[in-house]
Every structure is written in structure tokens, then in C-alpha cells.
Amino acid sequence: EVQLVESGGGLVQTGGSLRLSCAASGFTFSSYAMTWVRQAPGKGLEWVSAINSGGSSTTYVDSVKGRFTISRDNAKNTVYLQMNSLKPEDTAVYYCAARRGAATTSASEYDYWGQGTQVTVSS
């Protein structure tokens, strides 16, 4: 059974930091690109960042460049999102997702999804 379990969300003040984790099981993690996608209250899904299967290539939406860092540990079947300098507009449910093959910036192209973790940034 494929499982993606996010953790690390919470309430933080503007300018603070959080580190999200996503633990994967049930598939060959090292063969899958991973992504983080978020959904703010009342809005649609927004792709945030992606990393290729080997961890050598990363991409980010412009609004988080320089503040967020995606990484992965294939030995631990885990992908991370380090979020620094958080802003109220980063408030959302954050989901990790996986797809076999190349990383893309389209959330709809990812096959497996976690249940999400809430991030709330207070002003």
C-alpha cells in the first residue's frame, strides 16, 4: 500500500521557520520525483516545489524562491521542505506528492498524495 505521511506543520509567527517532512512507503521512493503542493483557505492547489528522483535538481515557484528549500533522503524514503522567512500568505495545507519519472511543475501530473499538514503563519 502506497503511503505518504506529512508532518511538521504548525503555527508560527511571521519570519519564523518550519521544516515539513513526508515519509513514503509502498513504492520505490528513489525512482520517483517528489513535489510539495499547497492549498490556501478558499483557493485551489498551488504547486510549490519539486525535486527529481536523485535529488540533484530542484525547482520552486517564484513566491518561495530564496525562502524554501526542498531536499530528500532516499535512504530514509523521506522528502523535506525547509521553510524560512514565513509570511502570512504561506498559510495553507501542504501536501507532498510523488510521480514516477521526471519532476514537473503541474500538480495534476503526480500520482500519489499525502493527507496534508497545516501551516499557519500569524501576522
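No experiment lies behind these values; they were computed from the predicted model shown.

Chemist: Summarise the nonpolar core; cite the residues concerned and give the values.
Modeler: Side chains of nonpolar character tend, in soluble globular proteins, to be buried together. Residues Trp36, Val79, Met83 and Tyr94 are the most contacted members of the largest nonpolar core, which totals 34 residues. Residue contributions to this core peak at 5 residues, all from strand β9 (residues 92–100).

Chemist: Could you give an account of the pairing of strand β7 (residues 68–73), with specific residues and numbers?
Modeler: Burial along β7 is one-sided: the face carrying Phe68, Ile70 and Arg72 is buried and the face carrying Thr69, Ser71 and Asp73 is not. Sheet topology places β7 next to strand β8 (residues 78–83); 6 bridges connect them, and they run antiparallel. From the neighbouring strand, serine 71 faces β8, where its bridge partner is tyrosine 80. What sits between β7 and β8 in their antiparallel hairpin is a turn of 4 residues, with asparagine 77 showing a positive phi close to 50°.

Chemist: For the packing of aromatic side chains, give the residues involved together with the corresponding values.
Modeler: What characterises a pair of aromatic rings is the spacing of the ring centres plus the angle enclosed by the ring planes. The tally for this structure, following the rule as stated, stands at 5 aromatic pairs. Measuring from centroid to centroid gives 4.7 Å for phenylalanine 27 and tyrosine 32, while their planes differ by 65°, and the two rings are edge-to-face. Per residue, the accessibility class of phenylalanine 27 equals that of tyrosine 32, and both read buried. Ring geometry for phenylalanine 27 versus tyrosine 112: centroids 5.4 Å apart, planes at 50°, classification tilted. Taken together, the residues phenylalanine 27 in the loop between β3 (18–25) and β4 (32–39) and tyrosine 112 in strand β10 (residues 112–113) connect sequence positions 85 residues apart. By relative accessible area, which is 27% here, tyrosine 112 ends up partly exposed. One aromatic cluster is present, formed by Phe27, Phe29, Tyr32 and Tyr112 through successive ring pairs. Note that arginine 19 overlies the ring of tyrosine 80, its terminal NZ or CZ placed 4.0 Å from the centroid. Taking the ring centre of phenylalanine 29 as reference, the NZ or CZ of arginine 72 above it sits at 4.3 Å.

Chemist: Explain the environment of arginine 100 to me, and be specific about the residues and the numbers.
Modeler: Residue position: arginine 100 is located in strand β9. Given the relative accessible area of 54%, arginine 100 is considered exposed. Taking the C-alpha atoms as reference points, arginine 100 and serine 53, separated by 47 residues in sequence, lie 8.4 Å from one another. If sequence neighbours within four positions are ignored, arginine 100 has contacts with Ser31, Tyr32 and Asp111.

How each quantity is defined
Residues numbered from 1 in each chain as written. Predicted model: local features only at pLDDT ≥ 70, side-chain atom pairs only at ≥ 80, totals over all residues. Heavy atoms only, no water. Core = buried A, V, L, I, M, F, W, Y, C linked by side-chain atoms within 4.5 Å. Buried < 20%, exposed > 50% of the residue type's maximum accessible area, 1.4 Å probe, protein only. Helix = DSSP H or I, 4+ residues; strand = E, 2+ residues; numbered from the N terminus. Pairing = 2+ DSSP bridges. Phe/Tyr/Trp six-rings, centres within 6.5 Å; stacked < 30°, edge-to-face > 60°. Lys NZ or Arg CZ within 6 Å of the ring centre and 35° of its normal. Contact = heavy atoms within 4.5 Å.

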